[in-house]
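One letter stands for each residue in the lines below.
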Amino acid sequence: MKTHRPRYGPFCAHTSADGPLPQANGREVLSIKNPATGEELCTVVSASQEDVETAVFNANEAFRQGIWSRAPAVQRAVVLSNLARDLEERVPDLATVESLQTGRAIREMRAQLGRLPEWLDYYAALLRTHASFVAPTQGPLLNYVQRVPLGVVAQITPFNHPLLIAVKKIAPALAAGNSVIVKPSELAPISVLELAEMAENAGVPAGVLQVLPGYGRTVGKMLVSDPTVRKVDITAGTDTGKAIGSIVGANLAQYTAELGGKAPIVVFDDADAQSAANGAAFASFVASGQTCVSATRLVVQDGIYDEFMALFMKKVESVTSRMGNPLNPKSTMGTVISLRQLERIEKLVQRGVGTVLAGGRRMTGTSPLDGYDFSQGAFFPPTVLTDVPTHDDLWREEIFGPVVVVARFSSEREGVELANACKYGLGAGIWTQDLSKAHRISAEIEAGLVWVNTHHRNDPSSPWGGMKESGIGRENGVEAFEAYSQSKSTIVNIASVEDTRAQQDWFAEDDAEKRYG
């Protein structure tokens, strides 16, 4: 059964008549390839400047008409719940799509996508329970405060978790009543385009959720530059985040940016070595190390170092030996996103800095698991290095691949300093059985997310975002819903007519004291 179409185009109110096989009509056509085979999955017609301008105009018209923005909260909740149920049914097919377009292991994608309806359900529930409030304003005044939508919002999503990150952004934006335009990664747009179609079938009105495929440097830049857009929400690299931030700031629009990361894992002497080794392997190599919270720096205390490293390297060997066809449910790890990215990773690792304990070069030959030919795709093995200086790029910069550097430390203070010796601050992990130490160290780690004796746990109720150069703002939770809305105070004078005349005539011809403000 085919899980996707051979061709896609922009999903917009004005392109609805284009049909399932849209013509290019002078627009650029993207070739979407499977990183595990190099084969073309489908083609996607990129949005033109006219498409971007028309999509923004239609999104704003839909917002102004109020078909979604002023719909009762319970109505929006019902639609989000409907979409959650539809998404549940499509998880098997969409997981296959995700694996095909990203090269990630099907086991990962099934587990990840199986949780996505939770985000839609969470914001549907929030809509049903979220209440306005009355401010304690002085005097005979009723001051009620509501959350109202922003208007047209733009979202730019990455290739590493195409559907997860899109749903994390779309759910609160739609719940708040906005008109949403998504620019998905040019490398992996299929699942986001499929989701938009599902959303319209579930009851999201035309023009309220649109998708503009294309390159960030063209389509993305045009979208975020439009002054009609009142909020931009991106997941990207830090340099991209800074560039977009300057554009958004010039338009006085709101901005949320989940940017780069270089997560440390701090393993203390009192940790359970086996659990820590298992957890570090998961943190380092799930998604082939292509997440902003991937463990890229293992900081291990002297007393447990040898035991931990023996167990960790055994796990690395096990993961590597069981890599195979990403569509094989028994395969442990898939590819990186492209051969270009693989070459970048290999070049960084092979500069002669540090000692390579495992991996380090592109995989070739056949898989012991299933005979899959690794030379077909962008397969890079779990890679471990030691003796890397903290000023080197392997320690400082985001690699976005299955590469981890290991350092050892003696004192608690030294461990914290090594963990914080980085410009990023998105995620971090601590392994210890000392409850006091867990709380104490987590408070000192400069990261927006700190996991203790686990890693990469995510929930729609839990705020997600970074410190330092890892971004601004938060995804998830009430915080994300409120970031997609703004407060509006309505102040009503409830005094009698007589009192109003006596107290509020500022220019009365008497000397009675009047209230100002």
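Residues numbered from 1 in each chain as written. Predicted model: local features only at pLDDT ≥ 70, side-chain atom pairs only at ≥ 80, totals over all residues. Heavy atoms only, no water.

Enquirer: Can you lay out the nonpolar core for me, pointing to particular residues and giving the numbers?
Expert: The biggest cluster of nonpolar side chains holds 59 residues, and the ones touching the most others in it are L80, L113, L120, Y123, L163, L174 and L209. For this core, the element with the most residues is helix α2 (residues 73-102), which contributes eleven residues. Every residue in contact with L113, bar those within four places of it in the chain, is listed here: V91, L94, A95, E98 and L163. In this structure, A283, L298, Y372 and F374 belong to the second largest nonpolar core, which totals 32 residues. (Core = buried A, V, L, I, M, F, W, Y, C linked by side-chain atoms within 4.5 Å. Buried < 20%, exposed > 50% of the residue type's maximum accessible area, 1.4 Å probe, protein only. Helix = DSSP H or I, 4+ residues; strand = E, 2+ residues; numbered from the N terminus. Contact = heavy atoms within 4.5 Å.)

Enquirer: Run through the pairing of strand β5 (residues 141-149), naming residues and quoting values.
Expert: Pairing of strand β4 (residues 133-135) with β5 involves three bridges; the strand directions are antiparallel. From the neighbouring strand, A135 faces β5, where its bridge partner is N143. Where β4 folds back on β5, the antiparallel hairpin that results is connected by five residues, among which G139 adopts a positive phi of roughly 90 degrees. Here β5 runs beside strand β21 (residues 485-493); their pairing, made up of nine bridges, is antiparallel. Counted as the bridge partner of L142 is V492 from β21. (Pairing = 2+ DSSP bridges.)

Enquirer: If you had to explain the packing of helix α1 (residues 49-65) against helix α7 (residues 216-225) to someone new, which residues and values would you point to?
Expert: Viewed as axis vectors pointing N to C, α1 and α7 meet at an angle of 30 degrees, and their least axial separation amounts to 10 Å. The pairing of α1 with α7 is recorded here as roughly parallel in orientation. Remark: the crossing between α1 and α7 carries right-handed chirality. Judged by residue contacts, Q49, V52 and V56 of α1 engage V219, M222 and L223 from α7. Classifying every residue of the contact of α1 with α7 by side-chain character gives five nonpolar, one polar and no charged. (Axes fitted to C-alpha atoms, helices over the stretch in contact; angles between N-to-C directions. Parallel < 35°, antiparallel > 145°, perpendicular 65-115°, else oblique. Left-handed = near helix turned anticlockwise from the far one by under 90°. Nonpolar A, V, L, I, M, F, W, Y, C, P; charged D, E, K, R; others polar.)

Enquirer: Could you give an account of the sheet that holds strand β17 (residues 427-431), with specific residues and numbers?
Expert: One open sheet accounts for seven strands, arranged β13-β14-β15-β12-β11-β17-β18; its pairing is mixed. Two strands close off the open sheet at either side, each with one partner strand: β13 (355-358) and β18 (449-452). Neighbour-to-neighbour, the strand axes of this sheet turn through a mean angle of 25 degrees, independent of strand direction. Inspection of the sheet shows strand β12 (residues 295-301) paired to strand β15 (residues 403-409) by five bridges, in the parallel sense. From the neighbouring strand, V299 faces β15, where its bridge partner is A407. Where helix α9 (residues 273-285) meets the sheet, its contacts fall on β11 (263-267), β12, β14 (383-386), β15 and β17, and the angle it forms with β12 comes to roughly 160 degrees.

Enquirer: Before we move on, could you go through a nonpolar patch on the surface and cite the residues and values that matter?
Expert: On the surface, V134, L142, Y144, V492 and I494 cluster together to form a nonpolar patch covering roughly 410 Å² of accessible area. The topology assignment puts V492 in strand β21. (Patch = residues over 30% accessible without salt bridge, like charges linked within 9 Å, V, L, I, M, F, W, Y side chains within 5 Å. Areas by Shrake-Rupley, 256 points an atom, 1.4 Å probe, with all protein chains shown as cover. Salt bridge = Lys/Arg side-chain N within 4 Å of Asp/Glu carboxyl O.)

Enquirer: I'd like to hear about helix α4 (residues 117-129), residue by residue, with values.
Expert: Taking 1.5 Å of rise per residue, 13 residues should cover 18 Å, and α4 covers 18 Å from first to last C-alpha, within 8% of that figure. Listing the buried residues of α4 in full gives P117, W119, L120, Y123, A124, L126 and L127. Those residues of α4 that are buried are in contact with α2, α3 (106-113), α5 (162-175) and α15 (477-483). (Expected span 1.5 Å × (residues − 1).)

Enquirer: Give a detailed account of the pattern of salt bridges, specifying residues and quantitative values.
Expert: Counted according to the given criterion, the structure contains 23 salt bridges. In this structure, K183 engages E186 in a salt bridge whose closest nitrogen and oxygen atoms are separated by 3.3 Å. When its relative accessible area of 3% is taken as the criterion, K183 is described as buried. Residue D392 is joined to R351 by a salt bridge in which the shortest nitrogen-to-oxygen separation is 2.6 Å. Taken together, the residues span a long stretch of sequence, with D392 in the loop between β14 and α12 (393-396) and R351 in the loop between α11 (339-349) and β13 at a distance of 41 residues. We classify R351 as partly exposed; its relative accessible area is 39%. When salt bridges that share partners are traced, they join K168, K169, D233 and E475 into one network.

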